[in-house]
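# What the coordinates show
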Amino acid sequence: MPMIRGIARNLFFEAYIVFFLVQCSYFQFFFRTNLNMNLLFKTRLMQLFSILNELILVPILKLKILTMQKHLFLGVEAIGQGAIDGGMSGVYSYPGTPSTEITEFIQENQIAEERNIHRKWSANEKTALETALGMSYAGKRAMSCMKHVGLNVAADIFVNAAMTGVNGGLVVTVADDPSMHSSQNEQDSRFYGKFAMIPVLEPSSQQEAYDMARDGFALSELTKVPVMLRITTRLAHSRAGVARKDVLPENELVMPTDPRQFILLPAIARRKYKGLLESQSLFLKLSEESEYNRYEEGTDHSLGIVACGIAYNYLMEHFPGGTCPFSVVKVSQYPLPENYINRLDQECDEILVLEEGAPMVEEMLKGFFSNGTPIKGRLDGTLPRDGELNPDIVAKALGKEMFEGFDIPDVVANRPPALCVGCGHQDAYLAMNEALADYSKGRVFSDIGCYTLGALPPYETISSCVDMGASITMAKGAADAGLIPAVAMIGDSTFAHSGITGLLDAVNEKSSITIVISDNESISMTGGQDSSAYGRIESICIGVGVDPAHIHTIVPLKKNHEEMVRLFREEFAYNGVSVIIPRRECIQRASSRKRNKK
Ligand SMILES: Cc1ncc(C[n+]2csc(CCOP(=O)(O)OP(=O)(O)O)c2C)c(N)n1
Ligand code: SF4
């Protein structure tokens, strides 16, 4: 439907341009021939033309200017703009590098402001995606953005949303972080897309990132399931020219035609699952016909290359102007386009798979061909098994000479990360260390945030950092095992994200743990976004059942050091759940707030 609307709109625009040209020749004719027309009729006609032109021609010209201009967008910005231009009514996200700036871009965007597109942060990725599905239920287009580990948190709704299907288009944008620049693992989200059996888009450039975000909603509405848009760090955080298309209108509020579509009771779910299985042939057909996938014929058939997502870009850097001698299957939409893969197998002696992340396609191809075509890639050592690809690694795999580059000068050598000077987490750790000196080591279970740097000197306070929320639950498990006192160190945002349920477990079992909620009133590690538990941490703890006598708030400053040590000592000795909240605004956030006020 949106495609037909687009074609109709273009036809109308072109027709109007023709009409405008007719107007010009009409006037030229009368001026040139100097024909004496009825003056009144001529004036009226000119007025009519001028109104029509103002109403129709000016917007056309504006649109033409918009689409002729190129924007130097980061991959994440291209996605934000694409989603807005695609008629999205709401973005629901939880921050996490390298996905954060998609939502931040939308938050700052003028069209988003004018249209009142929903763009506030959610408490976590699960609530974000569920809310986006709710918007889709109501017929509107929605996007949910997260980093790869965020999809673990949202996995339940992600897989089940493929079962319910969508009403308004739903795009789930997931940003993977190969090489773990700022993550605790390097999982490949394409597996989740395959697992949920939905179409996956993987852009090879910022332009495709824009196009896929914009047109992904229509693909979702056509296939009736959510569509995954998978990017990786390098594409997210590098810039390229992007041409915009016109801004589509938002969908109207429309209820699902099947009132049971979203009710996954077993009898309905069985029917829905069969439907999802039957849709696979449509998804494959769409991949095989997709403008994002193609077969590029080469002259040298000793090797065929499957290049997925940004790896296609890395490959083409070595063959400017389409000079690649090998046949290439460009893959940017999954399921894998089998037609091109089969053709590559028939035409080439061996196949090299270039893909960012895990060897997912490579593993699939290993069992794909009956004739045993050798498959090269990350599994046979042609490419490294882990870490990001880059043009140099690709060059090496092709046996091309590699430019080694220069050694990094000492002045830019890696320095270990550290908490900012004056950060409140420092004061909390110094007091905690002093109070813990009376006990054996290894009792502090940390969470993920700036305070995770408490693992490093000079503090060396924490003994774990696994996933968001695991501080309270791991401390409880260790206390259950007899490690008393056990301490959890968690930030305000992580507490709201997934600490509250762990606290409930601890309260229900009267565990002997002390929970330190280091509240800097911000999600600092990802750039200072608003924390959803702002101003409500004490009331949440009381609501969950912590004894108010064992909830303490203190300002983590040097002058309060002795008081903090005393509080920690007292609560470590308490046989039950206690909460200590050192609260002082993150100094980076405070200074950017002051800067923005000026
Ligand atoms: C599931 C998941 N989502 C998102 C992230 C990215 N991330 C790392 S720490 C963090 C929140 C940190 O906030 P807070 O706990 O308040 O600590 P602060 O950095 O403010 O000290 C986020 C969003 C992640 N690591 N895992
Ligand atoms: S950004 Fe804020 S919370 Fe993080 S280390 Fe710096 S002051 Fe501390």
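Computed from a predicted structure; not experimentally measured.

Residues in contact with ligand 1 amount to 25 residues; listed here are only the nearest, Glu 125, His 425, Thr 494, Ser 524 and Met 525. In the environment of ligand 1, an oxygen atom lies 2.5 Å from a nitrogen or oxygen atom belonging to the side chain of Thr 494. In this structure, an oxygen atom belonging to ligand 1 sits 2.9 Å away from a main-chain N or O atom of Ser 524. With the chains in place, 97% of the 590 Å² that ligand 1 exposes on its own is no longer accessible. Of all elements in the fold, only α7 (148-153) and α19 (492-508) reach the threshold of two or more residues within the shell around ligand 1. Along the lines of polarity and charge, the residues of the shell around ligand 1 split into ten nonpolar, twelve polar and three charged.

What follows concerns the nonpolar core. Soluble globular proteins tend to bury their nonpolar side chains together. Ranked by internal contacts, the top residues of the largest apolar core, which has 53 residues, are Met 143, Ile 305, Leu 315 and Leu 398. Beyond its immediate sequence surroundings of up to four residues, Leu 398 is in contact with Leu 303, Ile 305, Leu 315, Phe 319, Phe 326 and Leu 352. One finds Phe 158, Tyr 192, Ile 341 and Phe 369 within the second-largest nonpolar core, a separate group that totals 48 residues.

Residues three or four positions apart in an α-helix share a direction because the helix packs 3.6 residues into each turn. Here helix α6 (residues 125-137) contains 13 residues, and its C-alpha end-to-end distance of 18 Å stays within 8% of the 18 Å for a straight helix at 1.5 Å per residue. Of the residues making up α6, those classed as buried are Glu 125, Ala 128, Leu 129, Ala 132, Leu 133, Met 135 and Ser 136. The buried residues of α6 occupy one face: seen down the axis, they fall within an arc of 155°. Buried residues in α6 make contact with β2 (88-93), β3 (141-147), α7, α8 (155-164), β4 (170-176) and α19. With a side-chain oxygen lying 2.9 Å from the backbone nitrogen of Lys 126, the N-terminal cap of α6 falls on Asn 124.

Before going further, it helps to examine the sheet that holds strand β5 (residues 200-201). The strand order β2-β3-β4-β6-β5-β11 describes an open sheet built from six strands, whose pairing is mixed. Whereas interior strands pair on both sides, the edge strands pair on one side only; in this sheet they are β2 and β11 (333-334). As defined by bridge partners, β3 adjoins β4 across six bridges and the pair is classed as parallel. If you follow Cys 145 over to β4, its bridge partner there is Thr 173. Most of the contacts of helix α4 (residues 100-108) go to β2, to which it runs at about 135°, and overall it touches β2, β3 and β4. Along the sheet, helix α10 (residues 206-223) contacts β2, β3, β4, β5, β6 (227-232) and β11; its crossing angle with β6, the most-contacted strand, is approximately 160°.

The interhelical angle for the contact between α6 and α8, taken along N-to-C directions, is 15°, at an axis separation of 10 Å. For the element pair α6 / α8, the angle class is roughly parallel. Remark: the crossing between α6 and α8 carries right-handed chirality. From α6, Lys 126, Leu 129, Glu 130 and Leu 133 reach across to α8, where they touch Ile 157, Phe 158, Ala 161 and Thr 164. For the contact of α6 with α8, the class distribution of residues is five nonpolar, one polar and two charged.

Reading guide: rules and limits
The residue count restarts for each chain, going from 1 along the sequence in the order it is written. All chains are assigned letters beginning at A, and all ligands numbers beginning at 1, according to the order in which they are written. Local features in a predicted model are, by the rule used here, given only for residues with pLDDT of at least 70; side-chain atom pairs are given and counted only at 80 or more, and totals for whole chains, interfaces and linings are based on all residues. Side-chain metrics rest on all non-hydrogen atoms present in the structure, leaving aside hydrogens and water. Neighbouring residues are identified by heavy atoms, a residue being near a molecule or strand if any of them is within 4 Å of it. Residues adjacent in sequence count toward polar contacts only when both atoms are side-chain atoms; beyond that, a polar contact is any pair of N or O atoms within 3.5 Å, and within protein one must be able to donate a hydrogen and the other to accept it. Note on areas: Shrake-Rupley with a 1.4 Å probe; residue coverage comes only from the protein chains shown. A run of DSSP states H or I qualifies as a helix once it reaches four residues; a run of E qualifies as a strand once it reaches two. Both are numbered from the N-terminal end. Think of it as three bins: nonpolar holds Ala, Val, Leu, Ile, Met, Phe, Trp, Tyr, Cys and Pro, charged holds Asp, Glu, Lys and Arg, and polar takes everything else, Gly as well. Nonpolar cores were defined as sets of buried Ala, Val, Leu, Ile, Met, Phe, Trp, Tyr and Cys residues, with membership established by side-chain atoms within 4.5 Å. Burial status follows relative accessibility: with a 1.4 Å probe on protein chains alone, a residue under 20% of its type maximum counts as buried, one over 50% as exposed, and anything between as partly exposed. Any two residues whose heavy atoms approach within 4.5 Å are treated as being in contact. Helix span, as expected, comes to 1.5 Å for every residue beyond the first. Each C-beta atom gives one direction from the helix axis, and the arc is the one those directions make. For two strands to count as paired, DSSP must find a minimum of two bridges between them. In this analysis an axis means a line fitted to C-alpha atoms, helices contributing only their contacting stretch, and an angle means the value between N-to-C directions, from 0 to 180 degrees. For classification purposes, an angle smaller than 35 degrees is called roughly parallel, one larger than 145 roughly antiparallel, one from 65 to 115 roughly perpendicular, and anything else oblique. Two helices cross in a left-handed way if the nearer one is turned anticlockwise from the farther one by less than a right angle. They cross in a right-handed way if the turn is clockwise.

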